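Chain by chain, the residues run as shown.
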Amino acid sequence: MFSIAMKSLRSKWRDYLVLFVGLMVSAAIFYMFSAIALNKEFLLANSTTGIIVLVFTIGEFLLGLITFVYLNFANGFLLRLRQAEYGLMSMLGAKRKQIGMMLMQETLALGIISTVIGIVAGIGLTSFSGQFLMDLLGLQLAHWTGFSFHAILVTLAFFVALFFLNGLYNSARLSRQDTLTLLTADKQVKQPKRRKILDPLFGLIGLALLIGGYAMMPNVLSLGITGFILILIINVLGTFFFVSRSLKMLTYALRGSRFNSRGLRSFLNGQLMFRLPDYQRLLTVLSVIFGLALGAMSVGQGFYRALPEQAQSSQPYTAAYTTNADVKDLKNIKWQATYHYVKGADKVVYFDGDEINAHHIPTMIYDNVPNSTPKVKWMSGDAMIQNPDTTTDTLIGLANQINGVQFDSKAVVLANAAELAEKGTVKSAELVKVADLHENETVLVKNAEREAKALGSTVQKLSGSYGFYALAKSYFGGFEFMGIFLGIGFLAMLASTLMFKVLSGVADDKRRYRILTMIGTSERQVTMTVAKDLGTLFFIPLIIGLLDVVFGLNMFKAILSDPYVGFVPSLIGILALYLAYYFLTVVIYRRLIKA
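**With respect to the overall build of the protein**
The secondary structure content of the protein amounts to 21 helices and seven strands. Across the 595 residues that make up the protein, the buried fraction comes to 50%. Within the protein, contacts between residues at least 6 apart in sequence are counted, and of these 81% link residues at least 24 apart. Of the roughly 28,200 Å² of accessible surface on the protein, 64% is carried by carbon and sulfur atoms.

Right, dumping it as structure tokens:
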């Protein structure tokens, strides 16, 4: 049976190609995430990127979950496509156990080949994506490598287990069908049933659930984790009822309309009417996956693109320099002052109160109101001497920078320069605030690297908005990196699943399109009808997923001042890839219709 399984794979390679590409992309990205999360030398040498382990572990889990769903759908289509072939084998004397074993061997062979090629592609992807991640994090990462033996084992084990479980499931499904059902599987036409009361009722329920879910999304913070889970359930149920009932009622409503009588619209409406019962579960899942793909990219880019604005609004100054920095090269300086200090023992740093009286120092005051913008308050030296508890976060942050740490430093304000001199060697620190972080990034990077080297520290431990920006990049750059590749992985599997489902039904559709040709429809009209027919199927998850993201991004308002900042560039990238799959499906489908 093994040789028959291999011959079957070779003879049906066109049918398996779409599934194969989707699995290869999934395996490559899964390997890349594993290689990053399991690289101990990389993580030890780059301690500030420790959160990447959690980020990419979450990414692996999400990718694995979507891959399981994708594989279940795709193998289900393959099984349906070849049911007649399995029925013929059964009629010729092959036992169900033998056919099930052959199906298992085909599934495992396809899985192992696609996984191995995906791992090879993943090694290359990991190697070439290193510089991209370094740019996002703003760091030079030591011990970055594309090859990871542990990642290879994890990827192989996961995908082989996934294919084994899927093979068992398909074998069980096959064993429950008799020979006659298998032989006539591609000859059966399911007439859609119309329920005059239940269909409109559930259609309205679907619309109500979708609208209710979208209305709840902006309030997810007050609803908590229970509310978040409830929103997900409501959204999935609403999507299913909308696709299965609301769209069904729309096709029946258009049936006798004037709009439907023009051109070949009645044919297209009929195609959709017959397809909906078979596509309803698939279109529901694909709508959710499209939302996840676009949402993953939008949120990842949103976090990263919002960093400069968040850094500037959360810190009262841009940078502090204890070395000879090129401050004169900075553009649009809004505020600048020099303060003298003495570095003492036990992480204590002393400052001159008289100097602070002459040049008040800014600090940030936060209101206990969600999403409120912090306000700048200017503090005097006398106020901090009289009440040491009011010592500003600005001085404490500067003390942390001087000591080369992120926490635990103490700032003490003394009365005057004389008292300061008694504590030790007096040095100076120059604080500066610029209007635009991006405009000055080149100079700020150079100054920050010089300052960190002089203090024996890192850029991420420097105070001010640029230090905060560099630290945040080391965290949220990983989110954008993961978001981009998760989005690509989700979308590749989404489009491949829909593409595979459409192509697996060509045998039924060929007869209908042949009738169109027989009644005088031109080749150009048939091609345009194919494009519209398939366009409807691709359009449904696109619109529902798009609405999910448009309303769903409101859930991130608590942590992003503008959650839509990464939406447009993500949408452009997603649409480009999605449309490429659509046009490829139309071309292949049209050729199969002609054959």
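Read on for the rest.
**Some details on the pairing of strand E2 (residues 333-343)**
Bridge analysis of E2 against strand E7 (residues 427-434) gives eight bridges, and the strand direction is antiparallel. Of the residues in E7, the one forming a bridge with alanine 337 is leucine 431. Bridge count for E2 against strand E3 (residues 348-352) is three bridges, and the pairing is antiparallel. The residue of E3 that forms the bridge with valine 342 is tyrosine 350.

**Here we look at a positive patch on the surface**
Judged by side-chain charge, Arg258, Arg262, Arg265 and Lys532 come together as a positively charged surface patch. Relative to the helices and strands, arginine 265 resides in helix H11 (residues 265-305). With a relative accessible area of 31%, arginine 265 lands in the partly exposed category.

**Let's talk about the side chain of arginine 275**
Along the polypeptide, arginine 275 turns up in helix H11. Of note is the side chain of arginine 275, whose polar atom sits 2.5 Å from the side chain of aspartate 509. Setting aside chain neighbours within four positions, we find arginine 275 in contact with Asp509, Asp533, Leu534, Leu537 and Tyr589.

**With respect to the sheet that holds E7**
One open sheet accounts for five strands, arranged E1-E7-E2-E3-E6; its pairing is mixed. A strand with exactly one partner marks an edge of an open sheet, and here the two such strands are strand E1 (319-321) and strand E6 (410-414). Between one strand axis and the next, the sheet turns by 35° as a mean value, whatever way the strands run. In this sheet, E6 lies alongside E3 in parallel orientation, the contact comprising five bridges. For phenylalanine 351, the partnering residue across the bridge sits in E6 and is valine 413.

**Things to note about the packing of aromatic side chains**
In total, this model carries 15 aromatic pairs according to the counting rule given. On the basis of an interplanar angle of 55° and a centroid distance of 5.1 Å, the ring pair of tyrosine 582 and phenylalanine 583 is categorised as tilted. An aromatic cluster of three or more residues is present, and its members are Phe290, Phe538, Tyr578, Tyr582 and Phe583. Taking NZ or CZ as reference, arginine 512 lies 5.9 Å from the ring centre of phenylalanine 274, over its face.

**So, unusual backbone geometry**
If you check the backbone angles, aspartate 346 has positive phi at about 55° while not being a glycine. Topologically, aspartate 346 is positioned in the loop between E2 and E3. Notably, lysine 347 is not glycine yet its phi reads approximately 60°, a positive angle. With respect to the helices and strands, lysine 347 occurs in the loop between E2 and E3.

**Some details on the confidence of the model for the protein**
Scored by pLDDT, the protein has a mean of 79; 81% of the residues are at 70 or more. Looking at the elements of the protein, mean pLDDT is at its lowest for helix H8 (residues 179-183), recorded as 56, and at its highest for E3, recorded as 93.

**Quick notes on the pattern of salt bridges**
In the structure shown here, the tally under the stated rule is six salt bridges. For the salt bridge of arginine 245 with aspartate 199, the shortest nitrogen-to-oxygen distance reads 3.3 Å. Of this pair, arginine 245 sits in helix H10 (residues 220-255) while aspartate 199 sits in helix H9 (residues 198-216); the two residues are 46 residues apart in sequence, bridging distant segments of the chain. Here arginine 245 matches aspartate 199 in class, with each residue buried. With a shortest N-O distance of 2.7 Å, aspartate 509 and arginine 512 are connected by a salt bridge. Taken together, the residues span about one helical turn, with aspartate 509 and arginine 512 both in helix H19 (residues 506-518) at a distance of three residues. A relative accessible area of 26% places arginine 512 in the partly exposed class. When salt bridges with common partners are traced through the structure, they connect Arg275, Asp509, Arg512 and Asp533 into a single cluster.

**Points about helix H21 (residues 567-594)**
Taking 1.5 Å as the rise per residue, H21 with 28 residues should run 40 Å; its terminal C-alpha atoms sit 40 Å apart, in good agreement. Those residues of H21 that sit buried are Phe567, Ser570, Leu571, Ile574, Tyr578, Tyr581, Tyr582, Thr585, Val586, Tyr589, Arg590 and Ile593.

**Observations concerning the nonpolar core**
Phe290, Leu498, Tyr513, Tyr578 and Tyr589 are the most contacted members of the largest nonpolar core, which totals 69 residues. When residues of this core are assigned to their parent elements, the largest contribution, 15 residues, is made by H11. Not counting residues up to four positions away in its chain, the partners in contact with phenylalanine 290 are Leu491, Leu494, Pro541, Leu542, Gly545, Leu546, Ile574 and Tyr578. In terms of nonpolar packing, the next biggest core, distinct from the first, is built from 21 residues, Leu307, Ala311, Leu444 and Val459 among them.

**Observations concerning the packing of helix H20 (residues 523-552) against H21**
Any two packed helices are characterised by how steeply their axes cross, that is the angle between the axes, and by the distance between the axes. Contact geometry of H20 with H21 gives a least axis separation of 10 Å together with a crossing angle of 150°. Considered as vectors, H20 and H21 are oriented roughly antiparallel to each other. The way H20 lies across H21 gives a crossing that is right-handed. Here the contact of H20 with H21 is built from residues that sort into 18 nonpolar, three polar and five charged.

**Some remarks on helix H17 (residues 441-455)**
Along its 15 residues, H17 runs 21 Å from first to last C-alpha, staying within 8% of the 21 Å computed at 1.5 Å per residue. The complete set of buried residues in H17 reads Glu441, Val443, Leu444, Asn447, Ala448, Glu451 and Ala452. One side of H17 holds all its buried residues, which, seen down the axis, span an arc of 155°. Those residues of H17 that are exposed and aimed more than 90 degrees away from the buried face are Thr442, Lys453 and Ala454. In the stretch just after H17, glycine 456 is the one whose phi turns positive, near 65°.

**Describing the environment of methionine 216**
With respect to the secondary-structure elements, methionine 216 resides in helix H9. Separated by 14 residues in the primary sequence, methionine 216 and leucine 230 place their C-alpha atoms 9.5 Å from one another.

**Regarding the packing of H9 against H10**
It is the contact of H9 with H10, at a shortest axis distance of 7 Å, that shows an interaxial angle of 150°. Taken together, the axes of H9 and H10 are roughly antiparallel relative to one another. Relative to H10, the crossing made by H9 is left-handed. Along the lines of polarity and charge, the residues of the contact of H9 with H10 split into 18 nonpolar, seven polar and three charged.

Cut-offs used in this document
Chains are numbered independently. Their residues run from 1 in the order of the written sequence. Residue-level local features of this predicted model are given only where pLDDT is at least 70; pairs of side-chain atoms are given and counted only at 80 or more, and the full residue set underlies all totals for whole chains, interfaces and linings. Water and hydrogen atoms were dropped before computing side-chain values, which therefore reflect all heavy atoms in the structure. Where helices and strands are cited, they refer to DSSP runs of H or I of at least four residues and of E of at least two residues respectively, numbered from the N terminus. Only protein chains enter the accessibility calculation, which uses a 1.4 Å probe. A residue is then buried if its area is under 20% of the maximum for its type, exposed if over 50%, and partly exposed in between. For this analysis, residues touch if any pair of their heavy atoms sits within 4.5 Å. Each accessible area is a Shrake-Rupley result for a 1.4 Å probe, and residues are judged covered by the shown protein chains and nothing else. Pairing between two strands requires that DSSP report at least two bridges joining them. Only residues above 30% relative accessible area that lack a salt bridge enter a patch, with like-charged residues linked at up to 9 Å and the nonpolar side chains Val, Leu, Ile, Met, Phe, Trp and Tyr linked at up to 5 Å. Counted as salt bridges are all cases of a side-chain nitrogen of Lys or Arg within 4 Å of a carboxyl oxygen of Asp or Glu. Counted charges follow a simple rule, with Lys and Arg positive, Asp and Glu negative, and His plus the chain ends left uncounted. To locate a charge, the coordinates of NZ of Lys, CZ of Arg, CG of Asp or CD of Glu are taken. Pairs of N or O atoms are called polar contacts if they sit within 3.5 Å, as long as, within protein, a hydrogen donor faces a hydrogen acceptor (for residues adjacent in sequence, only side-chain-to-side-chain pairs). Orientation is described by lines fitted to C-alpha atoms, with helices fitted over the stretch in contact, and by angles between N-to-C directions that extend from 0 to 180 degrees. By convention, a stacked pair of Phe, Tyr or Trp rings (six-membered ring in the case of Trp) has centres within 6.5 Å and planes under 30 degrees apart, an edge-to-face pair has planes over 60 apart, and any other such pair is tilted. Any Lys NZ or Arg CZ found within 6 Å of a ring centre and within 35 degrees of that ring's normal is scored as a charge over the ring. You can read pLDDT as the predictor saying how much it trusts each residue, on a scale of 0 to 100. Here, expected helix span is obtained from the residue count minus one, scaled by 1.5 Å. Residues grouped as a nonpolar core are buried Ala, Val, Leu, Ile, Met, Phe, Trp, Tyr and Cys residues, joined through side-chain atoms within 4.5 Å. Note on terminology: angles under 35 degrees are roughly parallel, angles over 145 are roughly antiparallel, angles of 65 to 115 are roughly perpendicular, and the others are oblique. With the far helix as reference, a near helix turned anticlockwise by less than a right angle produces a left-handed crossing, and one turned clockwise produces a right-handed crossing. Note on residue categories: nonpolar means Ala, Val, Leu, Ile, Met, Phe, Trp, Tyr, Cys or Pro, charged means Asp, Glu, Lys or Arg, and polar means any other residue, Gly included. Throughout, the arc means the angular range of directions from the helix axis out to the C-beta atoms.

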